[in-house]
Amino acid sequence: MIIKNGTVFQEDGTYGVQDLYIENGRIVASEEEVTDKTVVDASGLKVLPGMVDVHSHGAKGHDFSDADAKGLKKILQYEKASGVTTWCPTSMTLPKEQLLKIFHSALEVEMDEACAHIGGINMEGPFIDPAKKGAHVEENIVKPTAEFFRDCNEACNGMIRLVTLAPNVEGAMEFIHELKDEVCISLGHTTANYECASEAMKKGALHVTHLFNAMQPMGHRDPGLVGAAADCADCMVELIGDGIHIHPAMVRNAFRLFGPERIVLISDSMMAAGMENGTYELGGQEVTMKDRKATLADGTIAGSATNLYDCMRSVVSMGVPEDEAILAATRNPAKSIGIYEETGSLTPGKRADIVLADETLNLVKVL
């Protein structure tokens, strides 16, 4: 396949008019390498890398924590149709035996061309701080241990690429020391202060789970996890871009504070994404979704009902520069979990994960 005349988003965040050449699902350097000469005319369109969502629980009435391979496939089909070509199924805080079944279900999906790729699994619970549990069930929270993690990772043949940890809980620092070279450790769902968070980052935890949410606010005398992450040049931070979790002013300021290299846009979507207003479930708890806002009975926000492509467009509408928003939804998340050699930009050798959009980023086609 040859995509002609499109305005292609480059690795450095600029656009350039060029043709893209695709052979066997991969981008190649020249037309001579292409056997299928089918032409897609992208005149007047922007050619973007597919979005990479590293933190999402579900969509279309299904949840990864259902441990249902057929349901997971429907989520993956929805995500690709929405412009998200790489998706990381994300677990909740649940009993170990249940988590083992959930993680194993990722191996049972019968993938097809309509599905987003599974970029890896995100293990959000159960190593969190009860004081900042959010929509997680407190009775299922446990002390972090390498054995627990490795049992879960074995259940999915090593697919876990991201695990959330509260650095202030017993055993957290030992966990980081032992596992920092096996998995990306993300700090979140925590009351950790600046000193605790900084220590965890020095030990190798270089990712933050949904910045601002489920953590102490950034204070002028107690900067907390947010301040520690800002001070650590190697730390990448997730940001939910649905326009509900975080005020637009804070979204803009996060991009200014962390720069275009370190923000990882996520959806944190749950099964209500792509659905009508109604009652759904997340981690065993009832969630009500109305006008894209999903909440528990006590009013706690429980994930989003928005896909990552719409989150990217949302932050652009808030005043974030378009190039920074796109990089935060493509390059940065791919880099954060170690899959940038496969996806996240439109360069030879990578998968041809491609989105065509109009001038205002309305989705036109996913290839």
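Model, not experiment: these values are computed from the prediction. (Residues numbered from 1 in each chain as written. Predicted model: local features only at pLDDT ≥ 70, side-chain atom pairs only at ≥ 80, totals over all residues. Heavy atoms only, no water.)

### Regarding the layout of surface pockets
Line of reasoning, step 1. Approximately 480 Å³ is the volume attributed to the largest pocket.
Line of reasoning, step 2. In the lining of the largest pocket, the residues fall into six nonpolar, five polar and seven charged.
Line of reasoning, step 3. Roughly 250 Å³ of volume is contained in the second largest pocket.
Line of reasoning, step 4. Gly 134, Ala 135, His 189, His 210 and Ile 301 are the residues nearest the centre of the second largest pocket, which is lined by 19 residues in total.
Line of reasoning, step 5. Take the lining of the second largest pocket: its biggest share by element is three residues, from strand β20 (residues 301-304).
Line of reasoning, step 6. Residues of the lining of the second largest pocket, tallied by class, amount to seven nonpolar, nine polar and three charged. (1 Å grid on protein atoms, 1.4 Å probe; cavity = no way out; pocket = protein on both sides within 12 Å on 5 of 7 lines; lining within 4 Å. Points joined across faces, edges and corners; volume = space filled by probe spheres on them. Nonpolar A, V, L, I, M, F, W, Y, C, P; charged D, E, K, R; others polar. Helix = DSSP H or I, 4+ residues; strand = E, 2+ residues; numbered from the N terminus.)

### Some thoughts on the packing of aromatic side chains
Line of reasoning, step 1. Within this structure, the stated rule accounts for five aromatic pairs.
Line of reasoning, step 2. Their ring planes at 40 degrees and their centres at 6.3 Å tell us that Phe 64 and Phe 103 sit as a pair that is tilted. Linking Phe 64 in the loop between β8 (62-63) and α1 (69-81) with Phe 103 in helix α2 (residues 96-105), this pair joins segments that are 39 residues apart in sequence.
Line of reasoning, step 3. Its relative accessible area of 0% is what places Phe 103 among the buried residues.
Line of reasoning, step 4. Ring centres of Phe 149 and Phe 175 lie 6.2 Å apart, and the angle between their planes is 85 degrees; on these two criteria the pair is classed as edge-to-face. Highlighted residues: Phe 149 in helix α3 (residues 146-155) and Phe 175 in helix α4 (residues 172-179), separated in sequence by 26 residues. An identical accessibility class is assigned to Phe 149 and Phe 175; each is buried.
Line of reasoning, step 5. Among the aromatic side chains, those forming a connected cluster through ring pairs are Phe 127, Phe 148, Phe 149 and Phe 175.
Line of reasoning, step 6. When the ring centre of Tyr 340 is taken as origin, the NZ or CZ atom of Lys 335, which lies over that ring, is 5.2 Å away.
Line of reasoning, step 7. Taking NZ or CZ as reference, Lys 350 lies 3.3 Å from the ring centre of Tyr 340, over its face. (Phe/Tyr/Trp six-rings, centres within 6.5 Å; stacked < 30°, edge-to-face > 60°. Buried < 20%, exposed > 50% of the residue type's maximum accessible area, 1.4 Å probe, protein only. Lys NZ or Arg CZ within 6 Å of the ring centre and 35° of its normal.)

### As for a negative patch on the surface
Line of reasoning, step 1. A cluster of acidic side chains, namely Asp 66, Asp 68, Glu 281 and Glu 286, defines a negative patch on the protein surface.
Line of reasoning, step 2. Note on placement: Glu 286 falls in strand β18 (residues 285-290). (Patch = residues over 30% accessible without salt bridge, like charges linked within 9 Å, V, L, I, M, F, W, Y side chains within 5 Å. Areas by Shrake-Rupley, 256 points an atom, 1.4 Å probe, with all protein chains shown as cover. Salt bridge = Lys/Arg side-chain N within 4 Å of Asp/Glu carboxyl O. Lys, Arg positive; Asp, Glu negative; His and termini not counted. Charge placed at Lys NZ, Arg CZ, Asp CG, Glu CD.)

### Examining the pairing of strand β15 (residues 236-240)
Two faces make up the sheet, and in a regular strand the side chains alternate between them.
Line of reasoning, step 1. Burial analysis of β15 places five of its five residues in the buried class, the great majority of the element.
Line of reasoning, step 2. Side chains Met 236, Glu 238 and Ile 240 project from β15 onto one buried face, and the interleaved Val 237 and Leu 239 project onto a second face that is buried too.
Line of reasoning, step 3. Bridging between strand β14 (residues 207-208) and β15 involves two bridges; their strand directions are parallel. In the sheet register, His 207 faces β15, and the bridge partner there is Met 236.
Line of reasoning, step 4. Between the parallel elements β14 and β15, the chain passes through helix α6 (residues 224-231) in a crossover that is right-handed.
Line of reasoning, step 5. Summarising the sheet, β15 and strand β16 (residues 263-266) pair through four bridges and their orientation is parallel. When the bridges of β16 are listed, Val 237 appears paired with Ile 263.
Line of reasoning, step 6. Each parallel crossover has a hand, and for β15 linked through helix α7 (residues 248-258) to β16 it is right-handed. (Pairing = 2+ DSSP bridges. Right-handed = clockwise from strand over helix to strand, strands pointing away.)

### Regarding the environment of Arg 351
Line of reasoning, step 1. Relative to the elements of secondary structure, Arg 351 occurs in the loop between α10 (331-336) and β21 (354-357).
Line of reasoning, step 2. Spatially, the C-alpha atom of Arg 351 lies 16 Å from that of Asp 36, the residues being 315 residues apart in sequence.
Line of reasoning, step 3. In terms of polar contacts, Arg 351 uses its side chain to reach the side chain of Thr 86, at 2.9 Å.
Line of reasoning, step 4. At a separation of 3.1 Å, a polar atom in the side chain of Arg 351 contacts the side chain of His 117. (Polar contact = N/O pair within 3.5 Å; in protein donor to acceptor, adjacent residues only side chain to side chain.)

Everything listed here is a matter of geometry and, on its own, says nothing about what the molecule does.
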